[in-house]
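# Analysis of the macromolecular model
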Amino acid sequence: MPMNNDILIIGAGIMGLMTALECRKAGATVTLLDKSSVGREASWAGGGILTPLYPWKEHQSIDALRQWSAHYFPSLAAELLETTGIDVELNRCGLLIADIDDQQMAQSRLSAQNIPFKWINDNDLSVSHPGLKLATNQSLWLPTIEQIRNPRLLQALKKLLVALGVTIVEQHQVTQWNLTECRSRIDSVKTQQHNFSADQVVLTAGAWSQGIWPTISQSSELSIFPVKGQMVLLQAPVDAVTSIVLQNHQYIVPRKDGHLLVGSTVEHAGFDKVTTVAAKRQLKAFFDSLYPAFSDLPVIGHWAGIRPGSNGTPVISRHPDIENLYINSGHFRNGLNLAPASARLVVDLMIGREPIVPIQPYQI
């Protein structure tokens, strides 16, 4: 069913960009607003890992979105390279997990999720991951897990959307919803500079969604909150580290040019994005403990992002009281790896198309 109407999307991170792409491919005219610049919040700050960190621990509703997105990313990367010339470095580098406290559950759930895995002992590790020192004598290897260079993905998506005719408006903070007299529809959305009208509105503002969302009744209340995460960047020789390594919810992500992302903290500090010396030391010490041979590598970058925390399941839903307002937010650490499916699902909901997965778990 084509969408031959105007869509206004508020929030231009990965969720907003992918939602805009799905709306445009469905035939809609799209305007994408952001309070600052495209993709400069959590989407830019993360590590680009295309799976939940411990996939077997996630609810089935998360895995349904993960599986759909995992099948979509290769074609998206190819489309972006062809249309924009930007290589987003989709890389099937694999994921090594060093702390498994529930081996039977991990094996059972990973098999059910169709994620290949292998147990690796110390002897195998010295061959497959030279230089890596683990305190445990057995780790879990997921060879098909991919990563993507998220800043390049955001850059490519922006370039593609502009080419497709999407209007992108940056530095526009939403200040007011103008509702119809019966308060059942959005008539227009006000920023400090302009009023924007559209047939349908989608909120994809990540951690900022809670502060923008209009609560009309108790049934429309949201629970999305900011969770700060700090990262550091190292430069190693190319191929010194070849796969993602995860331990105690912290990870190392190797890029093809030798850059190593080390993250990330989980801090309930509101919208504070100030980096701290304590976090920098913690993340560097984590890296040094796993790769002592590279402990002399200096930190060449340090930043923080604000993730949209929730009750564990993202919110992909129509507003219970406002018929032309939708939300696609609350993905916490899984925004990037769930974005394609989440965007497709909210558009399914908007146009009455058969949903790619059951919609009920994500409803308000």
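Everything below is about the structure printed above this text.
Rules and cut-offs
Position labels on residues start from 1 in each chain and follow its written sequence. In keeping with the predicted nature of the model, local features appear solely for residues at pLDDT of at least 70, side-chain atom pairs appear and are counted solely at 80 or more, and the whole-chain, interface and lining totals rest on all residues. Hydrogens and waters are ignored; side-chain quantities use all the structure's heavy atoms. To qualify as a helix, a DSSP run of H or I must reach at least 4 residues; to qualify as a strand, a run of E must reach at least 2; elements of each kind are numbered from the N terminus. The quantity called the radius of gyration is restricted to C-alpha atoms. Its globule counterpart is 2.2 Å times the number of residues to the power 0.38. Throughout, exposure labels follow a simple rule: accessible area from a 1.4 Å probe, protein chains only, divided by the maximum for the residue type, with under 20% read as buried, over 50% as exposed, and the rest as partly exposed. Residues count as neighbours in contact if any of their non-hydrogen atoms are within 4.5 Å of one another. Only the protein chains shown count as cover for residues, and the accessible areas themselves come from Shrake-Rupley with a 1.4 Å probe. The sign given to each residue is positive for Lys and Arg and negative for Asp and Glu; His and the chain ends receive no count. A single reference atom marks each charge: NZ on Lys, CZ on Arg, CG on Asp, CD on Glu. Should DSSP find at least two bridges between two strands, the strands are taken to pair. Orientation is described by axes fitted as lines to C-alpha atoms, over the contacting stretch for helices, and by angles from 0 to 180 degrees between their N-to-C directions. When the near helix sits turned anticlockwise from the far one by under a right angle, the crossing is termed left-handed; a clockwise turn instead gives a right-handed crossing. By nonpolar core is meant a set of buried Ala, Val, Leu, Ile, Met, Phe, Trp, Tyr and Cys residues that side-chain atoms within 4.5 Å join together. By convention in these notes, a salt bridge is any Lys or Arg side-chain nitrogen within 4 Å of a carboxyl oxygen on Asp or Glu.

Counting secondary structure elements, the protein contains 9 helices and 17 strands. The C-alpha atoms of the protein give 21 Å as radius of gyration, which agrees with the globular expectation for 364 residues (21 Å, within 12%). The 364 residues of the protein split such that 55% are buried. When contacts within the protein are restricted to residue pairs at least 6 apart in sequence, long-range pairs at least 24 apart make up 73% of them. For the protein, the accessible surface area stands at approximately 15200 Å², while carbon and sulfur atoms represent 49% of it. Positive and negative charge centroids in the protein, built from 29 and 31 side chains respectively, lie 4 Å apart.

Of all the 5 residues making up strand β5 (residues 138–142), 4 are buried; the element is thus mostly covered by neighbouring parts of the structure. Pairing geometry for strand β3 (residues 95–97) and β5, over 3 bridges, is antiparallel. Within the sheet, the bridge partner assigned to Leu96 lies in β5 and is Trp141. Sheet topology places strand β4 (residues 118–121) next to β5; 4 bridges connect them, and they run antiparallel. The residue bridging Lys118 from the neighbouring strand is Trp141, located in β5.

Now for the packing of helix α1 (residues 14–25) against helix α6 (residues 150–163). Running from amino to carboxyl end, α1 crosses α6 at an angle of 35 degrees, the nearest separation of the two axes being 10 Å. Both α1 and α6 take part in a crossing whose hand is left-handed. Contacts between α1 and α6 involve Ile14, Leu17, Met18, Ala20 and Leu21 on the former and, on the latter, Leu153, Leu154, Leu157, Lys158, Leu160 and Leu161.

On to the sheet that holds β5. Taking strand neighbours across the sheet as the criterion, the 8 strands line up as β4-β5-β3-β12-β13-β14-β11-β15 in an open arrangement whose pairing is mixed. Of all the strands in the sheet, the pair left with one neighbour each is β4 and β15 (299–309). Sheet twist, expressed as the mean angle between neighbouring strand axes with direction ignored, is 25 degrees. Pairing analysis gives 3 bridges linking strand β12 (residues 244–247) to strand β13 (residues 250–254), with the strands arranged antiparallel. Bridge pairing links Val245 to Ile252 in β13.

Okay, the sheet that holds strand β8 (residues 186–191) next. Read from one edge to the other, the open sheet built from 3 strands follows the order β7-β8-β9, with strand pairing classed as antiparallel. The sheet terminates laterally at β7 (174–179) and β9 (195–196), the two strands that pair on one side only. Sheet topology places β7 next to β8; 5 bridges connect them, and they run antiparallel. Bridge pairing links Asn178 to Ser188 in β8.

Counting residues in each nonpolar core, the largest one holds 49 residues, and the members touching the most others are Met18, Leu76, Leu153 and Leu157. Looking at this core element by element, the count peaks at 10 residues for helix α9 (residues 335–351). When residues no more than four places from it in sequence are discounted, the contact partners of Leu76 are Met18, Leu21, Leu153 and Leu157.

What follows is about the pattern of salt bridges. With the rule as written, the count across this model stands at 15 salt bridges. Measuring nitrogen to oxygen at the nearest pair gives 2.5 Å for the salt bridge that ties Asp348 to Arg353. Three or more residues are tied together by salt bridges with common partners; here these are Glu89, Arg149, Arg152 and Asp257.

With that out of the way, let us pick up the pairing of strand β14 (residues 259–263). β14 sits mainly inside the fold: 5 of its 5 residues count as buried. Taken together, the 5 bridges between strand β11 (residues 225–235) and β14 define a ladder with antiparallel strand orientation. Considered in β14, the bridge of Gln235 is made with His259. Pairing of β13 with β14, which is carried by 4 bridges, proceeds in the antiparallel orientation. Residue Ile252 lies in a different strand from β14, and its bridge partner there is Val262. Here β13 folds back onto β14, and the loop between the two strands holds 4 residues, one of which, Gly258, carries a positive phi near 95 degrees.

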